[in-house]
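Structure assessment
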Amino acid sequence: MTTEAALTKMAWLFAEPNATSKSVAAGMIKSMRGELTESSPPIFEHPKATPPNNATIFSDLCYAISGGNVEQFEAIFDGVDQFLLEYSDYMGNTLLVSFRQFLFVVVINLCSFSMWPPSQHISSFSRKSCQQEALPICTTKQATHLFFWQPNWS
Amino acid sequence: MEMTRLSQNDNDQYQSVLPEDLVLIVMTGGTISMQKSPTGYVPATGFQEECLTELPLFNDGSPPTMIDVVINKNGDIQAYSSLRTSPSAYQRKIRYTVFEFDDLLDSCSVGSKEWTTIAETVFRNYHLFDGFVILHGTDTLAYTSSALSFMFQNLGKPVILTGAQTPMRKLQSDAIQNLLGSLVIAGHFKIPEVCLYFNNRLLRGNRTTKISASDYAAFDSPNYPSLAITSSSRTNVLWDLIQLPAKNNMISLQKVIDTRQVACLRLFPGIRPEMISAVLNLDGLLGLVLETFGPGSAPLGPDGDFINLLTHATKKGLLIISISQCMFLLALLQ
């Protein structure tokens, strides 16, 4: 900062109504008209900004799926946009990938079909292949199914 | 608020379809306006009539239309005769008029009162012109441009300060180049900052300092690049550096009331504690700018007198800012 800028800026800050030493000091270290290059050490912390709404809903859904919590999943999923089915986070996790163990069973069973089965076959098939207590199957408006059942390899 | 307008005069035989921009030149005094006299160079009035009318660069020969200028705080409007430049490289012309202060000053005598007068003149005419050029002496030009940059809040039009190392009336002078360059920038580009134009460079007003008393390159902004450079083909404006207003608020003015509340002291090896305490004990002093050697480094003095004096003063409420004499660092003494 040049001496001219420092002197005139200080005089200007003191001329503000209700100026105190503290307020002027705070103003002097801040760049108000580009007269100063502010410098600060690097800050190693997460940004304070809250993540967007979709990201938090997505995280909640993923945790519900990994925990096998159907009620929680349904409660969150009912009111949200369907694009979340195609959404993936920074690690590449999606709602389908997050319950890989279930998908494994689905893939093996689906292989017995020669082509990707239409949705009604999946529903009847899944009900048949449920060995244990079948959990409700969520159906979406786009006719994409998410499967919830206990893994039947036990 | 029009940025450009076409030539209005129907009788103008030089009626052109080139757009015109309106710039107010505020003449406060300084070397640029001086004239030789038996006692040496003295400020002289009649700048527009004697210096600009005869030059084709500044006068394309079109009939001088009258422009309204607000001349005092009462809002009184007076019509001033205007001149128009020849076409610029951008195929535009700048129409301007020179508003001279009643008392033309050598800039050594310029203080907060004059800063306020200049700021108020610009503020009163803000809506009548597209840009403003302020002619000023070079001695305290950096102080005036720094002060003005703080005083204007939400500035939306260019305010360019300039001057010259030799008078315009003299044979060899940088006055024409500086004035023309300032007019072109003020009339063509929306650079909403208080700037200083000298030697083909546009500098940010609050980043400048005078580096030479005789060189045509009299000013520099050592810690910041130029905002624009006038080259042979065009004026290169570095738009990335220009501070554009973030909000669309009306311009306002906050004056620097009293520079007696602040002082500046430049340290040197062997400075006596008595000298420092004399400055620190000045009546009514609220803030001190201390030019230290490096980043906050200063002599300890015998028995640490120096540090004790400063500590005592800050405890009493005085604000001390340390500026490096290298002009590279700002530190707050607490």
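Presented here is an overview of the structure given in this document. On a predicted model such as this, the values are computed, not experimentally measured, just so you know.

1. Overview of the sheet that holds strand E6 (residues 83-84) of chain B
All names here are of chain B. The 9 strands lie next to each other as E6-E7-E1-E8-E10-E11-E12-E15-E16, forming an open sheet whose pairing is mixed. Either end of the sheet is taken by a strand with one partner, and the two such strands are E6 and strand E16 (235-237). In the sheet, strand E15 (residues 228-230) pairs with E16 via 3 bridges, with the strands oriented antiparallel. Bridged to Ile229 within E16 is Asn236. Across the sheet, helix H2 (residues 112-124) lies against strand E1 (20-29), strand E7 (93-105), strand E8 (131-135) and strand E10 (159-162), angled at about 150° from E7, the strand it touches most.

2. Focus: the interface of chain B and chain A
In this complex, chain B contributes 40 residues to the contact, which on the side of chain A involves 25 residues. The interface formed by chain B and chain A holds 0 salt bridges in total. Joining chain B to chain A, the criterion identifies 15 residue pairs in polar contact (both at pLDDT 80 or more). Those elements giving two or more residues to the side of chain B that touches chain A turn out to be helix H3 (141-151), strand E9 (152-153), strand E13 (209-210), strand E18 (262-266), strand E19 (287-292), strand E20 (319-324) and strand E21 (330-333) of chain B. In terms of residues, the side of chain B that touches chain A owes the most to one element, H3(B), which gives 7 residues. Across the side of chain B that touches chain A, the residue classes break down as 21 nonpolar, 13 polar and 6 charged.

3. Observations regarding the environment of A:Ala15
Following the sequence through the fold, A:Ala15 ends up in the loop between helix H1 (3-14) and helix H2 (21-28). Discounting chain neighbours no more than four positions away, the residues touching A:Ala15 are B:Gln254, B:Lys255, B:Val256 and B:Ile257.

4. Some thoughts on helix H5 (residues 273-280) of chain B
Every α-helix winds through 3.6 residues per turn, so residues three or four apart in the chain are directed the same way. Residue and element names in this part refer to chain B. Every buried residue of H5 is accounted for by Pro273, Ile276, Val279 and Leu280. For H5, the buried positions fall inside an angular range of 125° around the axis, keeping them on one side. On its buried side, H5 packs onto E18, E19, helix H6 (305-315) and E20.

5. What to know about the layout of surface pockets
Considered as a void within the structure, the largest pocket measures approximately 620 Å³ in volume. Lining of the largest pocket is provided by 20 residues; of these, A:Met32, A:Arg33, B:Gln153, B:Asn154 and B:Gln243 occupy positions nearest its centre. Of the residues that constitute the lining of the largest pocket, the class distribution is 9 nonpolar, 6 polar and 5 charged.

6. A look at the packing of aromatic side chains
Applying the stated criterion across every chain, the model contains 9 aromatic pairs over all chains. Ring centres of A:Trp12 and B:Phe150 lie 5.5 Å apart, and the angle between their planes is 25°; on these two criteria the pair is classed as stacked. Here B:Phe150 lies in helix H3 and A:Trp12 lies in helix H1, a pairing that spans two chains. Relative to A:Phe77, the ring of A:Phe73 has its centre 5.1 Å away and its plane inclined at 15°; by these criteria the two rings are stacked. With A:Phe73 and A:Phe77 both in helix H4 (residues 70-77) and 4 residues apart, the pair spans about one turn of that helix.

So, how was this worked out
- Residues numbered from 1 in each chain as written.
- Chains lettered and ligands numbered in written order.
- Predicted model: local features only at pLDDT ≥ 70, side-chain atom pairs only at ≥ 80, totals over all residues.
- Heavy atoms only, no water.
- Pairing = 2+ DSSP bridges.
- Helix = DSSP H or I, 4+ residues; strand = E, 2+ residues; numbered from the N terminus.
- Contact = heavy atoms within 4.5 Å.
- Axes fitted to C-alpha atoms, helices over the stretch in contact; angles between N-to-C directions.
- Salt bridge = Lys/Arg side-chain N within 4 Å of Asp/Glu carboxyl O.
- Polar contact = N/O pair within 3.5 Å; in protein donor to acceptor, adjacent residues only side chain to side chain.
- Nonpolar A, V, L, I, M, F, W, Y, C, P; charged D, E, K, R; others polar.
- Buried < 20%, exposed > 50% of the residue type's maximum accessible area, 1.4 Å probe, protein only.
- Arc of directions from axis to C-beta.
- 1 Å grid on protein atoms, 1.4 Å probe; cavity = no way out; pocket = protein on both sides within 12 Å on 5 of 7 lines; lining within 4 Å.
- Points joined across faces, edges and corners; volume = space filled by probe spheres on them.
- Phe/Tyr/Trp six-rings, centres within 6.5 Å; stacked < 30°, edge-to-face > 60°.

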